[in-house]
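Fold and geometry: a report
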Amino acid sequence: MNPLRPVILAASASPRMKRIVTATPVTAEIVRRFVAGEGRDELIPVVRELLASRRLVSVDFLGENTTDRAQADVTVAEYLSLINDLAAMNGFRDATARTEVSVKLSALGQALPVDGPAIATENLRILCTKAAQAGVWVTVDAEDHTTTEATLTAVREVRAEFPWLGVVLQAYLHRTEADCRELSGSRIRLCKGAYREPHTVAYQRSAEVTDSYLRCLEILMCGAGYPMVATHDPVLILAAEQLAAETGRGPDRFEHQMLFGIRDPEQLRLAAAGNAMRVYVPYGSQWYGYLTRRLAERPANLTFFLRALVSK
Ligand code: FDA
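The rules we used
- Residues numbered from 1 in each chain as written.
- Predicted model: local features only at pLDDT ≥ 70, side-chain atom pairs only at ≥ 80, totals over all residues.
- Heavy atoms only, no water.
- Helix = DSSP H or I, 4+ residues; strand = E, 2+ residues; numbered from the N terminus.
- Rg over C-alpha atoms; globule rule 2.2 N^0.38 Å.
- Buried < 20%, exposed > 50% of the residue type's maximum accessible area, 1.4 Å probe, protein only.
- Contact = heavy atoms within 4.5 Å.
- Areas by Shrake-Rupley, 256 points an atom, 1.4 Å probe, with all protein chains shown as cover.
- Axes fitted to C-alpha atoms, helices over the stretch in contact; angles between N-to-C directions.
- Parallel < 35°, antiparallel > 145°, perpendicular 65-115°, else oblique.
- Left-handed = near helix turned anticlockwise from the far one by under 90°.
- Salt bridge = Lys/Arg side-chain N within 4 Å of Asp/Glu carboxyl O.
- Nonpolar A, V, L, I, M, F, W, Y, C, P; charged D, E, K, R; others polar.
- Near = heavy atom within 4 Å.
- Polar contact = N/O pair within 3.5 Å; in protein donor to acceptor, adjacent residues only side chain to side chain.
- Phe/Tyr/Trp six-rings, centres within 6.5 Å; stacked < 30°, edge-to-face > 60°.
- Core = buried A, V, L, I, M, F, W, Y, C linked by side-chain atoms within 4.5 Å.
- Pairing = 2+ DSSP bridges.

Scanning the protein from terminus to terminus reveals 13 helices and eight strands. A compact globule built from 312 residues would reach a C-alpha radius of gyration of about 20 Å, and the protein, at 18 Å, matches this within 12%. When its C-alpha atoms are laid out on the principal axes, the protein stretches across 50 × 40 × 40 Å. Every one of the 312 residues in the protein was classed for burial, and the buried ones make up 54%. For the protein, the share of sequence-separated contacts (at least 6 apart) that also reach a separation of at least 24 residues comes to 72%. For the protein, the exposed area adds up to about 13,500 Å²; of that, 57% sits on carbon and sulfur atoms.

What follows is the structure, encoded as structure tokens:
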């Protein structure tokens with residue numbers, strides 16, 4: 001794992017750092033690389049362009065760790081409008097070419113001091129009800145490990161009514177192999193994991209995370225569900241292709257997924273080769289947490305940021 005990663009993630013938690021980064025003019029240039037825009041007016045043309053290039057989309061309205069009920073309600077309202085907009089862009093290719101929204105339960109109220117998990121679960125149900133009517137998919141993002149159990153509990157509950165509801169599992173967590181076995185019959189987005197986690201719950205070395213990812217991927221590919229292979233790592237992308245061939249999974253029975261602004265040529269190559277290639281597209285003004293996780297993943301991003309800062 002990138003040795004700077006824990007340092008960047010720790011520093012980014014400081015309110016002072018947040019003030020400095022968000023007030024720095026150069027930050028806007030970096031944000032534009034990873035975030036589609038602040039509002040739906042900026043998002044929609046980006047989505048159209050991605051769909052026109054044979055890619056699929058999963059759109060995330062940025063926000064996390066909401067401690068204000070009114071803010072959680074605003075987030076739900078924004079997602080309901082977003083689902084409407086995405087439904088209008090569905091079906092450009094075939095039945096599997098659904099648009100999708102990705103959502104963090106902490107943005108729906110999970111961290112509220114009173115009844116947080118119940119409120120987030122109810123809000124998730126509201127989004128799924130609307131999405132089912134609109135023919136749009138929903139997948140729940142994975143946040144730090146202290147939320148994993150509550151998130152999976154909410155997903156299990158809502159999935160009883162909406163079996164297509166997806167959830168993200170993080171290969172760096174020790175528990176994830178068991179979670180994959182339990183959930184392998186459903187829509188699972190497998191990623192490496194982007195938070196700063198202690199060694200008691202998570203693998204720390206990148207080779208260990210890759211090995212865990214491979215074990216989890218094999219479980220999902222051999223299962224009855226719909227694996228969503230969320231990685232930019234060439235080794236894992238190749239492994240997914242090989243496992244798909246071995247298990248007889250056609251391109252309609254699993255997806256490659258990458259983040260907006262990362263490895264664009266590879267996204268286009270996979271889509272042109274006939275694979276389902278979905279791009280996770282974030283938008284909104286609450287981009288700070290998302291941006292710092294992207295900077296932490298790759299020292300080159302941070303260098304780019306610091307260089308731009310110095311050259312101003
Ligand atoms: P790795 O970090 O090894 O990167 C492989 C290669 O990809 C790098 O060598 C580089 O070329 C490129 N790359 C990767 N990150 C880059 C970056 N930031 N900037 C530029 N290039 C980069 N995590 C989480 O904890 N919860 C979640 O819900 C999600 N959701 C999610 C959805 C989707 C669709 C994706 C693709 C990823 C996530 N993640 C996530 C993030 C994930 O956990 C992980 O941090 C990143 O995907 C980076 O890991 P890779 O598997 O890409 O490998």
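Turning next to the packing of helix H5 (residues 69–87) against helix H6 (residues 116–134). In contact at an axis separation of 9 Å, H5 and H6 are set at 15° when each is read in the N-to-C sense. The orientation of H5 relative to H6 falls into the category roughly parallel. As H5 packs across H6, the resulting crossing turns out to be right-handed. From H5, Arg69, Ala72, Val76, Tyr79, Leu80, Ile83, Asn84 and Ala87 reach across to H6, where they touch Ile119, Asn123, Ile126, Leu127, Lys130, Ala131 and Ala134.

Throughout the structure, instances matching the rule amount to 23 salt bridges. With its nearest N and O atoms 2.7 Å apart, the salt bridge here joins Arg55 to Asp264. Pair noted here: Arg55 is in the loop between helix H4 (40–52) and strand S1 (56–61) and Asp264 is in helix H11 (residues 264–272), with a separation of 209 residues, a long-range link. Note on Asp264: relative accessible area 33%, which makes it partly exposed. The salt bridge involving Arg293 is made with Glu64; its shortest N-O contact spans 3.1 Å. Residue Arg293 is found in helix H12 (residues 288–297), and its partner Glu64 is found in the loop between S1 and H5; the two are separated by 229 residues along the sequence. Given the relative accessible area of 24%, Glu64 is considered partly exposed. Sharing partners across several salt bridges, the network here consists of Glu100, Lys104, Asp141, Arg187 and Arg189.

What follows deals with the packing of helix H8 (residues 176–183) against helix H9 (residues 206–222). Contact geometry of H8 with H9 gives a least axis separation of 9 Å together with a crossing angle of 5°. Viewed along their axes, H8 and H9 adopt a mutual orientation that is roughly parallel. Residue-level contacts link Thr176, Glu177, Cys180 and Arg181 of H8 to Arg215, Cys216, Ile219 and Leu220 of H9. A breakdown of the residues in the contact of H8 with H9 according to their chemical character gives four nonpolar, one polar and three charged.

If you check the shell around the ligand, you find 25 residues, and the closest are Gly193, Thr231, His232, Glu297 and Asn301. One nitrogen or oxygen atom from the side chain of Lys192 is found 2.7 Å from an oxygen atom belonging to the ligand. Within the backbone of Arg294, an N or O atom sits 3.1 Å from a nitrogen atom of the ligand. Alone, the ligand offers 930 Å² of accessible surface; in the complex the protein occludes 85% of this. Broken down by secondary-structure element, the contributors of at least two residues to the shell around the ligand are strand S4 (166–170), strand S5 (187–191), strand S7 (255–259) and H12. Among the elements that line the shell around the ligand, the one with the most residues is S7, at three residues. Tallied by class, residues from the shell around the ligand come to ten nonpolar, six polar and nine charged.

This brings us to the packing of aromatic side chains. Inspection of the entire model under this criterion finds five aromatic pairs. Between Trp137 and Tyr226, the ring centres sit 5.8 Å apart and the planes meet at 55°, which makes this aromatic pair tilted. Highlighted residues: Trp137 in strand S3 (residues 137–140) and Tyr226 in strand S6 (residues 226–230), separated in sequence by 89 residues. Judged by its relative accessible area of 12%, Trp137 falls in the buried class. The buried category is assigned to Tyr226, whose relative accessible area is 13%. A centroid spacing of 5.7 Å and a plane angle of 65° characterise the contact between Phe162 and Trp164, whose relative ring orientation is edge-to-face.

Core analysis: the biggest nonpolar cluster contains 62 residues, and Leu43, Val59, Leu124, Val138, Leu217 and Val281 have the highest contact counts within it. The contacts of Val59, once residues within four sequence positions are left out, are Leu43, Val47, Tyr79, Leu82, Leu86, Glu100, Val101, Ser102, Val281 and Tyr283. Grouped together as the second largest cluster of nonpolar side chains are 19 residues, Tyr290, Leu291, Leu295 and Phe305 included.

The sheet built from eight strands closes into a barrel, its strands ordered S1-S2-S3-S4-S5-S6-S7-S8 with parallel pairing. The mean inter-strand angle of the sheet, taken between neighbouring strand axes irrespective of direction, is 30°. In terms of strand pairing, S6 meets S7 through three bridges, oriented parallel. Across the sheet, residue Val229 finds its bridge partner in S7, namely His256. Contacts between helix H7 (residues 148–159) and the sheet are confined to S3, S4 and S5, with S4 contributing the most and set at about 155° to the helix.

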